[in-house]
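Each chain, letter by letter, is given below.
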Amino acid sequence: MSDAAAVSPRIMANAIRALSMDAVQKANSGHPGLPMGAADAATALYSQVLKFDASAPHWPDRDRFVLSAGHGSMLLYSLLYLTGYSDMTIDQIKNFRQWGSITAGHPEYGHATGIEVTTGPLGQGIAHAVGMAMAERHLNARFGDELVNHKTYVLAGDGCLMEGISQEALALAGHLALKNLIVLWDDNGITIDGKVGMSDSTDQLARFAASGWATTRVDGMDQAAVLAALQAAQNSSKPTLIACKTIIGFGAPNKQGTNGAHGSPLGPDEIAKARETLGWSYPPFVVPNEIISAWRAVGSRGKQAREAWEARLAAHPKRAEFERITAGTLPENLDAVIAEYKKTLAANPPALATRASSQNALNIINPVVTEAMGGSADLTHSNNTNSKDQKTFSPFDYGGSYVYYGIREHGMAAAINGMALHGGVVPYGGTFMCFTDYCRPSIRLAALMGIRSIFVMTHDSIGLGEDGPTHQPVEHLAALRVIPNLVTFRPCDATEAVECWQAALEMPKTPSILVLTRQKLKPARLKFSAKNLCRLGAYEVAESAKKAKAVIFASGSEVEIAMAAKAELDKKGTPTRVVSVPSMELFEKQSKAYKAKVLGTEKIRIAIEAGVKTGWEKFIGSDGHFVGMTGFGASAPAEILYEKFGITAKAAVKAASGK
């Protein structure tokens, strides 16, 4: 073989196969089957279609590639190494699945350039990709083809399509006519247990077609056939599914086409035979220079397109705004706008449900943060997630910034993540707090990836009333607060609501939950403070005129109960102060001195929250009193429920007296 031009597409694909089986074998852990089976389809995509430049991995107008079947991570790592991503070295390939390497068992966003999203939990990749495609269409509508015109490609496996989230995602994509979304289905007919037919008999093409997709089936081992399908998809008016019939573990003569190639190393003997079958005579982790050169030419193929794009950006009248939003930088005047709004609240403190306070905050934030993109899972007028003059994002107007997700909470949460990953938008979406159970896998991924996804969760306690215990969150706050790198906000009034929004927007690497009430609340913040007190996580909202003997900690709707209890205790000769705790997570980040000051040394320590006790021990200690829930709720008006479950000022006063 004399030069790169003489390297055939199949030999290029075999480089992926060799690296993958060798890396899995060295780690003695991993999934060689998918990379070996899908190598030809991936080679066709990368070498002929995908718009990217390995030397500029963050180019905003690059095509995105999502390996939804994240267990096949060596496919992606091999591609990144072969095409010349500078951080993906051969040593990283050799250290697959080892401590300190960027080649984790499943692709992890932020570990290596070229990894667009963390995948592994099946179905999440394709669902996140829908959000990426939505963001692209929205930015295209704002800035035109000159700056934004790219595709999102997905490689999904049988498991991705079996997971329920895939139905939510593909139905949404079809409804929105996301023609920039192209899914390659690695149709190898094998799962860990064995043949797919043991557990599933779905006609996937019919399923996708019924949801508004263009579909086609090709021989996934034939690069020309895959390429033809990819080229045809470029001009589709719909999202496209390309079913690529592949052979899992292709090249391993005794294990290909079986579950034996799926989730464990092939073994030295089978790898030796695979080398013979594939005609790959090189030692482990050795790729000849001419094959490397052929792949590096693929990695630089998009350089000219990228440079032309940069020239267009330099001359574009909206360059400054485009660069600001793609960098994730908030508008300079946002703080001033919020400060003025807080002054109006202090002048006339409103008694509102915090879901209404949140909507009022959005009414002043969204006109300034033009990249905000909101939505709700069929609860717009309950979540109050739409702001004034916000237009609908639809196939007829991708310039709209409000998404009607339908009853697809999990799909919505994943799409929010996908938009955040794409960049150029600040996404948020709402549903009922109890349905964080449906959203939790995507919320957890947002925290793991470190992205600015904002989830608005209303109807946050027994305070929602008559809908009863199926809809009344009890354990949910505690369950969310234990997720690392997730900030949960529970504001008590309009001022705290806008401060929580401000704090959430200011965290580009941390997702957040805004936990909001259905019922009206009395305002607690009656004076203007230029400082965002909610950023502190907890602060004294009502001081004691005398040296305090008791302290009451509370969040959200229970702050007003704490204030009422304080008034009664003060009368009884027990000076009391109240600490509002909008965010336990942010409070943990404060200095030891500040935390000590807020926590105080009062012997009478009470926490009030209409949820379970978990988490409040750090405020009240083991001897403190907790006024809250110990079981599920019930169906009745909110005021009756608070009385019956003993979440009252009277109960707090009684606890303070030790009775």
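Summary of the structure given here. Keep in mind the model is a prediction, meaning the values are calculated, not measured. (Residues numbered from 1 in each chain as written. Predicted model: local features only at pLDDT ≥ 70, side-chain atom pairs only at ≥ 80, totals over all residues. Heavy atoms only, no water.)

Describing the pairing of strand β4 (residues 214-219)
Here's step 1: As judged from the six bridges shared by β4 and strand β5 (residues 240-245), these two strands associate in the parallel manner. Bridge pairing links Thr215 to Leu241 in β5. (Pairing = 2+ DSSP bridges. Helix = DSSP H or I, 4+ residues; strand = E, 2+ residues; numbered from the N terminus.)

A short note on unusual backbone geometry
Here's step 1: Even without a glycine there, the phi angle at Asn28 is positive, about 60°.
Here's step 2: Position of Asn28 among the secondary structure elements: in the loop between α1 (9-27) and α2 (33-48).
Here's step 3: Given a relative accessible area of 58%, Asn28 falls into the exposed group.
Here's step 4: One non-glycine residue with positive phi stands out, namely Asn485, at about 55°.
Here's step 5: Along the chain, the position of Asn485 falls in the loop between α19 (476-481) and β11 (487-489).
Here's step 6: When its relative accessible area of 35% is taken as the criterion, Asn485 is described as partly exposed. (Buried < 20%, exposed > 50% of the residue type's maximum accessible area, 1.4 Å probe, protein only.)

A word on the pairing of strand β9 (residues 426-432)
Here's step 1: The element β9 is extensively covered by neighbouring structure, given that seven of its seven residues are classed as buried.
Here's step 2: As judged from the three bridges shared by strand β7 (residues 372-376) and β9, these two strands associate in the parallel manner. The partner of Met373 across the bridge, within β9, is Pro427.

A few points about the sheet that holds strand β15 (residues 550-554)
Strand pairing in a sheet relies on backbone hydrogen bonds, with the paired strands running either antiparallel or parallel.
Here's step 1: Spatially, the five strands line up as an open sheet ordered β14-β16-β15-β17-β18, and their pairing is mixed. Every interior strand has two partners, whereas the edge strands, β14 (539-542) and β18 (625-627), have only one. On average, each strand axis in the sheet is tilted by 30° relative to the strand beside it, whichever way the strands run.
Here's step 2: Here three bridges tie strand β17 (residues 604-608) to β18, and the two strands are oriented parallel to one another. Across the sheet, residue Ile608 finds its bridge partner in β18, namely Val627.
Here's step 3: Helix α21 (residues 559-571) contacts β14, β15, β16 (576-580) and β17 of the sheet and is inclined by roughly 170° relative to β16. (Axes fitted to C-alpha atoms, helices over the stretch in contact; angles between N-to-C directions. Contact = heavy atoms within 4.5 Å.)

Points about the pattern of salt bridges
Oppositely charged side chains can form a pair if their charged atoms are brought close together.
Here's step 1: For the coordinates displayed, the defined rule picks out 26 salt bridges.
Here's step 2: Measuring nitrogen to oxygen at the nearest pair gives 3.1 Å for the salt bridge that ties Asp187 to Arg217. With a gap of 30 residues between them, Asp187 in strand β3 (residues 181-187) and Arg217 in strand β4 connect regions that are remote in the sequence.
Here's step 3: Since its relative accessible area comes to 6%, Asp187 is described here as buried. (Salt bridge = Lys/Arg side-chain N within 4 Å of Asp/Glu carboxyl O.)

Considering helix α11 (residues 289-300)
Here's step 1: Compared with the 16 Å implied by 1.5 Å per residue over 12 residues, the 16 Å span of α11 between its first and last C-alpha is a close match.
Here's step 2: Among all positions in α11, only Glu290, Ile291, Ile292, Ala294, Trp295, Val298 and Gly299 are buried. (Expected span 1.5 Å × (residues − 1).)

Digging into the environment of Ser68
Here's step 1: Within the secondary structure, Ser68 is located in the loop between β1 (64-67) and α3 (73-83).
Here's step 2: For the pair Ser68 and Asp53, spaced 15 residues apart in sequence, the C-alpha separation works out to 21 Å.
Here's step 3: Not counting the four nearest positions on each side in its chain, Ser68 is found in contact with Thr119, Gly120, Leu122, Gly123, Gly125, Ile126, Val154, Leu155, Ala156 and Cys160.

Here's the deal with the environment of Asn95
Here's step 1: In this fold, Asn95 is placed in the loop between α4 (90-94) and α5 (124-143).
Here's step 2: Placed 71 residues apart in sequence, Asn95 and Val24 show a C-alpha to C-alpha distance of 9.7 Å.
Here's step 3: Sequence-distant contacts of Asn95, defined by excluding residues within four places in its chain, comprise Lys26, Ser101 and Thr103.

Section: the side chain of Lys342
Here's step 1: On the secondary structure map, Lys342 appears in helix α14 (residues 334-347).
Here's step 2: The buried category is assigned to Lys342, whose relative accessible area is 3%.
Here's step 3: Those residues in contact with Lys342 that sit more than four places away from it in its chain are Thr495, Val498, Glu499, Arg525, Phe528, Ser529, Ala530, Lys531 and Asn532.

A few points about the sheet that holds β4
Here's step 1: Sheet architecture is open: five strands sit in the order β1-β2-β3-β5-β4, paired in parallel fashion. Only two strands of the sheet have a single partner each, and these edge strands are β1 and β4. Between one strand axis and the next, the sheet turns by 20° as a mean value, whatever way the strands run.
Here's step 2: The pairing of strand β2 (residues 152-156) with β3 spans five bridges and is parallel. Across the sheet, the residue bridging to Tyr153 is Ile182, located in β3.
Here's step 3: Its contacts with the sheet place α5 against β1, β2 and β3, and it is angled at close to 175° to β2.

Overview of the packing of aromatic side chains
Here's step 1: All told, the structure shown has 18 aromatic pairs when counted by the stated rule.
Here's step 2: Pairing Tyr428 with Trp501 gives two aromatic rings, centres 5.3 Å apart and planes at 80°, and the pair type is edge-to-face. Residue Tyr428 is located in strand β9, and its partner Trp501 is located in helix α20 (residues 494-505); the two are separated by 73 residues in the primary sequence.
Here's step 3: Exposure remark for Tyr428: the relative accessible area of 2% places this residue in the buried category.
Here's step 4: Between Phe587 and Tyr594 the ring centres are 6.3 Å apart and the planes differ by 65°, which places this aromatic pair in the edge-to-face class.
Here's step 5: A cation over a ring is seen here: Lys318 above Phe143, with NZ or CZ 5.9 Å from the ring centre.
Here's step 6: Over the aromatic face of Phe528 sits the side chain of Lys343, whose NZ or CZ is 5.6 Å from the ring centroid. (Phe/Tyr/Trp six-rings, centres within 6.5 Å; stacked < 30°, edge-to-face > 60°. Lys NZ or Arg CZ within 6 Å of the ring centre and 35° of its normal.)

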